[in-house]
Amino acid sequence: MLRRPMLLRASRPSLIGVLGRGLPAHSRLQPSRKATAEAGENKSGHISTTPNEGILFFIGLVPVNLQWLHRFTWFLDRRKSSIFKDESRFETIGAVAPTKVVQDAIKNSKLGLGKVEIVEVLPRLKEGGAFLKFNHDEGTDSATVAEAVRQHLSQHHVRAWWNPFTTVRAGLVLGKPWVEDLFRLPSRRLRVEFLPPQPGAEIAELNQEQLYSFFRPYGKLSDIVTQPSDSKVVPRYAYLDFARLGKAIMARNCLHGYVVGDAQGGGKLGTVFRLTYEKKQRTTWAKDWIFTHPRIVIPLLAALVAGLAAVVFDPLRTLSIRAHITRSFHIEDNAVIRWFKTQSEDLIRRVKELRHGIDTAEAGMQVVWDDRKSEIEQIQSWLMETADTFIIVQGPRGSGKKELVLDHALQHKRDAHKVSRVSVWTWKHMLTSSQVLVVDCKPIQEARGDAATIAAAAGQVGYRPVFSSMNNISGLIDLAAQGMTGVKAGFSETLENQLSKIWNNTATALKSIGLEGRSKDDIDANLTDDEYLEAHPECRPVVVVDNFLHKSGETGSTSVYDKLAEWAARLTTSNVAHVIFLTNDVSFSKSLSKALPDRVFRTISLGDCSPETAKRYVINHLDFDAVDKKASPNEDEESRMLTPSQKRKDLRELDDVIPLLGGRLTDLEFLARRIKAGETPSKAVKEIIDQSASEILKMFLLLGSESKDWTPTQAWTLVRSLAHSETLRFNEILLLDAYKAGGDKALAALEQAELISVQSFNGRPYSIKPGKPVYQSAFQRLVEDKVLAAKMDLALLEGAIGNENKSIDKYEQELHLLGELPKQPSELTHRLQWLLGKIAGSQSKIEGYEKESAGLKKVLSSEF
């Protein structure tokens, strides 16, 4: 059971004796050992006094900011009295002990004080002060003692160590203080309630002037608010706002319970003050100003958000992009792990070579890269030069552009962290990071919506964190702000601005990667960063833009490719990085010339493999896939020494079927897989041609293709013509009836769909070829289908007959106009003859078309 907390007693007897020396016997302080709880005597909440007793209230003894300790009741009940009792201990944490102040004031006073006895001290920790109760003789009053203490404090300023700008002050308690230990914290506003001294008695409500005269001596007042006259709330009250918190605390403890007499305006029976702290409502001027000035606040808020994003997130995003390029957090690309992996792969490869007598390094695609060794060396030499232009690798789909660039031309930059087998690398070389960034335009272009496009672009470069969905929310906020203020707030950003941020952060990361090998000990250490990158093109990272102009004909795709091209131009012109574009589109120069109009691009065009290379590719592919297969126990020793391609006799057919298939790598790989599955080369090629013919029929010739930018009759015209000739004249096709209206647009769309390939010379298209080599045989297969050919030719004839009928209608209308003239001038004779000849020629064509149509209809009615 906790003991009742004891109040501070005056001082130790020895200290009192020392302080009392030299004073008259009647004026010496006589200590009285009593105890009072913080809740008052007997926890009643009040301090009882006799006529010869008075109470002083000291403020500034401890920080008021310690009022939160009041919630720890267990701590206060145990420790508070002991702290205030010991003067030395109190002065360690507080300003001064109140007993010492009174002792010094009585000792040095010249007011002729009599005997003064300190009765007790009641601490008020949450208010930063304490009550001191004293007893005096008949010849001394409480006001004189209070005046002596006030003069002493004014002459000897006692300043607190935690706040040297404030001093300890004391005041005489005039009323009957309410000493409570509730969880009520002091405030600068006091609520003054006017109560009668006896129940049922009348009271007098004091006005502002009277209240001012009572409370102003305790400190400056900022405002006095009286109760409205029409208010029905009782008891009547008023609010007093002090300028400082300490002044309000002093007034509350000195005047609580004070009885205002009749002479002071309190009525015949008097009026009692009841003072309580009132938590002042915070002013709402800031909130009101914010809501009443949205045109100023919303743009400022948007600028603040943008500034915070730039300061906080941009460095993180740049670091994330750098880690994505260098693959710092990819465990499979760790230098040590890659070294062990390389050694194990070399060991396995050597075992295979010894067992089977073949070099697996030459298997598969190696024969193709040997054929394209000149292109690989050309790209590598361009990367060592300082020319600020683009490198473009153009070729049809499946021609191996990406593998050529990434796996061979840039192998030294992508695998710079590998350990070489033939040279001893230092650990610095082993930890060298990758310097190749691959940006695939396909997922960016195929994304639906701005948020998906932003997320796809950020994923390609490792731009994280990215809040792509927040752009939609910001758009809604902008829309609401525009509805309220009439102007956009600027929270949302356009797709172009978001992409520009991603590309700019990527450029910063690329530049840091290019400069990471620079040292202060280099010969050219005095060069600036830009000069260093210009002088060392081999240190620049490489950006590979794959699938450039993928689906470029779709609406909205131009802006994405334009921003990408502009960013690539900045990288090259500022010597930050080399940029290589991989594209299937032959019209790439039109888009890239907007970004670099005064540069000549370095272009490599990849075609199909030659028949000899294609044959070697298929054979080596078969041998490479069969290396791990165990030989049959029934085979003799001579058969075991043969490769899989040497065991098969049907591979002699490759010389006949490869010209039909062509040299496209995807088609050759498909052929090798079918042969590996057990098919003969002739059957495999036949199946591939039939499959290609079915794809052409479904995509270009059926009615579903009418929603495209070409018609089935236009596609059939090219199929029928290319079936008989490998190359067509571009302008000759435009003269055909099917291409007289929108012919250029239709040919561009068919080229984009890869049905045909348009060859250009000096930027001018001059010839048309099949989109894939296998399409030549597929076209022939489609033309050999009598029913399909009859159906498509019939549609062509019907279109031609319609065109001729329209021409005849136009000629007849002109003849009708000329026939309405009153006279027929001789000058119109030739015009009339020309019109009649045109009508006769068109009619002759119609008759011929109808005869052909009759024959085609017989085929359709007799053939399946």
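Residues numbered from 1 in each chain as written. Predicted model: local features only at pLDDT ≥ 70, side-chain atom pairs only at ≥ 80, totals over all residues. Heavy atoms only, no water.

Caption draft 1: Spotlight on the sheet that holds strand β13 (residues 578–583). Strand order in the open sheet made by the five strands is β11-β12-β13-β10-β14, with parallel pairing throughout. Of all the strands in the sheet, just β11 (436–440) and β14 (602–605) have a single pairing partner and so form its edges. Within this sheet the neighbouring strands show an average axis-to-axis angle of 15 degrees, counted without direction. (Pairing = 2+ DSSP bridges. Helix = DSSP H or I, 4+ residues; strand = E, 2+ residues; numbered from the N terminus. Axes fitted to C-alpha atoms, helices over the stretch in contact; angles between N-to-C directions.)

Caption draft 2: Geometry of unusual backbone geometry. Cis peptide bonds are those with omega within 30 degrees of zero, and the linkage from V234 to P235 qualifies with 0 degrees. Its place among the elements puts P235 in the loop between β6 (221–226) and β7 (237–242). In this structure, the amide linkage connecting R464 to the following residue, P465, adopts the cis form with an omega of 0 degrees. For P465, the position within the fold is in the loop between α17 (450–461) and α18 (470–485). Of note, the phi angle at L549 is positive, near 65 degrees, even though the residue is not glycine. By the secondary structure assignment, L549 is in the loop between β12 (542–548) and α21 (557–573). Look at L549 and you get buried, because its relative accessible area is 6%. Positioned with a positive phi, E754 is a non-glycine residue whose angle comes to about 65 degrees. (Buried < 20%, exposed > 50% of the residue type's maximum accessible area, 1.4 Å probe, protein only.)

Caption draft 3: Molecular detail of empty space enclosed by the protein. By the definition in use, this model includes five cavities of 30 Å³ or more. As a volume, the largest cavity reaches approximately 80 Å³. Every residue lining the largest cavity is listed: W382, A387, D388, T389, I391, R540, T572, A577, H578, V579 and R602. A breakdown of the residues in the lining of the largest cavity according to their chemical character gives five nonpolar, three polar and three charged. (1 Å grid on protein atoms, 1.4 Å probe; cavity = no way out; pocket = protein on both sides within 12 Å on 5 of 7 lines; lining within 4 Å. Points joined across faces, edges and corners; volume = space filled by probe spheres on them. Nonpolar A, V, L, I, M, F, W, Y, C, P; charged D, E, K, R; others polar.)

Caption draft 4: Focus on the sheet that holds strand β16 (residues 756–761). Strand order in the open sheet made by the three strands is β15-β17-β16, with antiparallel pairing throughout. Sheet topology places β15 (728–729) and β16 at the edges, where each strand pairs with a single neighbour. Strand direction decides the pairing type here: β16 and strand β17 (residues 764–770), joined by six bridges, are antiparallel. In the strand pairing of β17, V758 is matched with I768. Across the face of the sheet, helix α29 (residues 712–724) comes into contact with β15, β16 and β17 while running at roughly 75 degrees to β17. (Contact = heavy atoms within 4.5 Å.)

Caption draft 5: Structural view of the environment of K373. Positionally, K373 belongs in helix α12 (residues 373–383). The spacing of K373 and H408 is 35 residues in sequence and 9.2 Å in space, taken between C-alpha atoms.

Caption draft 6: Up close: the side chain of T140. Of note, T140 is situated in the loop between β3 (129–136) and α5 (142–155). Looking at T140, the relative accessible area reads 6%, which means it is buried. A polar atom in the side chain of T140 sits 3.0 Å from the side chain of D137. Aside from chain neighbours lying at most four places away, what touches T140 is L113, G114 and V145. (Polar contact = N/O pair within 3.5 Å; in protein donor to acceptor, adjacent residues only side chain to side chain.)

Caption draft 7: Fine view of the pairing of strand β5 (residues 189–195). Burial of β5 is extensive: seven of the seven residues sit out of reach of the surface. Because side chains alternate across β5, one face comprises the buried residues R189, R191, E193 and L195, and the other comprises L190, V192 and F194, equally buried. One ladder, built from seven bridges, connects β5 with strand β9 (residues 271–278); its direction is antiparallel. Bridging from a neighbouring strand, V192 pairs with L275 of β9.

Caption draft 8: Main features of the pattern of salt bridges. Tallied over the full model, the rule gives 33 salt bridges. Here R124 makes a salt bridge to E127, at a shortest N to O gap of 3.2 Å. E127 sits in the buried class, given a relative accessible area of 0%. Where R397 meets E754, a salt bridge forms, and the shortest distance between an N and an O atom there is 3.2 Å. In this pair, R397 sits in the loop between β10 (391–394) and α13 (401–409) while E754 sits in the loop between α31 (743–752) and β16, placing the two residues 357 residues apart along the sequence. In this structure E754 comes out as buried when scored by relative accessible area, which is 19%. Beyond isolated ion pairs, a larger network of salt bridges with shared partners links R124, K126, E127, E180 and R252. (Salt bridge = Lys/Arg side-chain N within 4 Å of Asp/Glu carboxyl O.)

Caption draft 9: Inspection of the packing of aromatic side chains at higher detail. In total, this model carries 15 aromatic pairs according to the counting rule given. Aromatic side chains F548 and Y561 sit 5.4 Å apart centroid to centroid with 80 degrees between the ring planes, which places their arrangement in the edge-to-face category. With F548 in strand β12 and Y561 in helix α21, this pair connects stretches of sequence that are 13 residues apart. According to the relative accessible area criterion, Y561 is buried, its value standing at 2%. A centroid spacing of 5.9 Å and a plane angle of 75 degrees characterise the contact between Y811 and W834, whose relative ring orientation is edge-to-face. You can see Y811 sitting in helix α33 (residues 786–819) and its partner W834 sitting in helix α34 (residues 829–862), a full 23 residues away along the chain. One aromatic cluster is present, built from ring pairs that chain together F194, F214, F215, Y258 and F273. The ring of Y239 carries R189 above its face, with NZ or CZ at 4.7 Å from the centroid. Seen from the ring of Y237, R191 lies directly overhead, with NZ or CZ sitting 4.1 Å from the centre. (Phe/Tyr/Trp six-rings, centres within 6.5 Å; stacked < 30°, edge-to-face > 60°. Lys NZ or Arg CZ within 6 Å of the ring centre and 35° of its normal.)

Caption draft 10: Structural detail: the confidence of the model for the protein. Taken residue by residue, the protein gives an average pLDDT of 80. The fraction at 70 or more is 79%. For residues 417–432, every residue scores under 50 in pLDDT, and the model assigns this stretch 22 contacts once sequence neighbours within four places are set aside. Low confidence marks residues 627–631, where pLDDT is under 50. Its contacts with residues over four positions away, or in another chain, come to five contacts. (pLDDT = per-residue confidence, 0-100.)

Caption draft 11: Molecular detail of the environment of P537. Looking at the element boundaries, P537 is found in the loop between α20 (529–535) and β12. Sequence spacing of P537 and G514 is 23 residues, and the spatial spacing of their C-alpha atoms is 9.3 Å. Residue contacts for P537: discarding those within four places in its chain leaves L383, M384, E385, T386 and H578.

Caption draft 12: Looking closely at a nonpolar patch on the surface. A contiguous nonpolar surface patch, about 550 Å² in accessible area, is contributed by W289, I290, F291, I296 and L300. Elements with a minimum of two residues in the nonpolar patch: α8 (285–292) and α9 (294–326). Top contributing element to the nonpolar patch by residue count: α8, with three residues. In this structure, W289 sits in helix α8. Exposure remark for W289: the relative accessible area of 40% places this residue in the partly exposed category. (Patch = residues over 30% accessible without salt bridge, like charges linked within 9 Å, V, L, I, M, F, W, Y side chains within 5 Å. Areas by Shrake-Rupley, 256 points an atom, 1.4 Å probe, with all protein chains shown as cover.)

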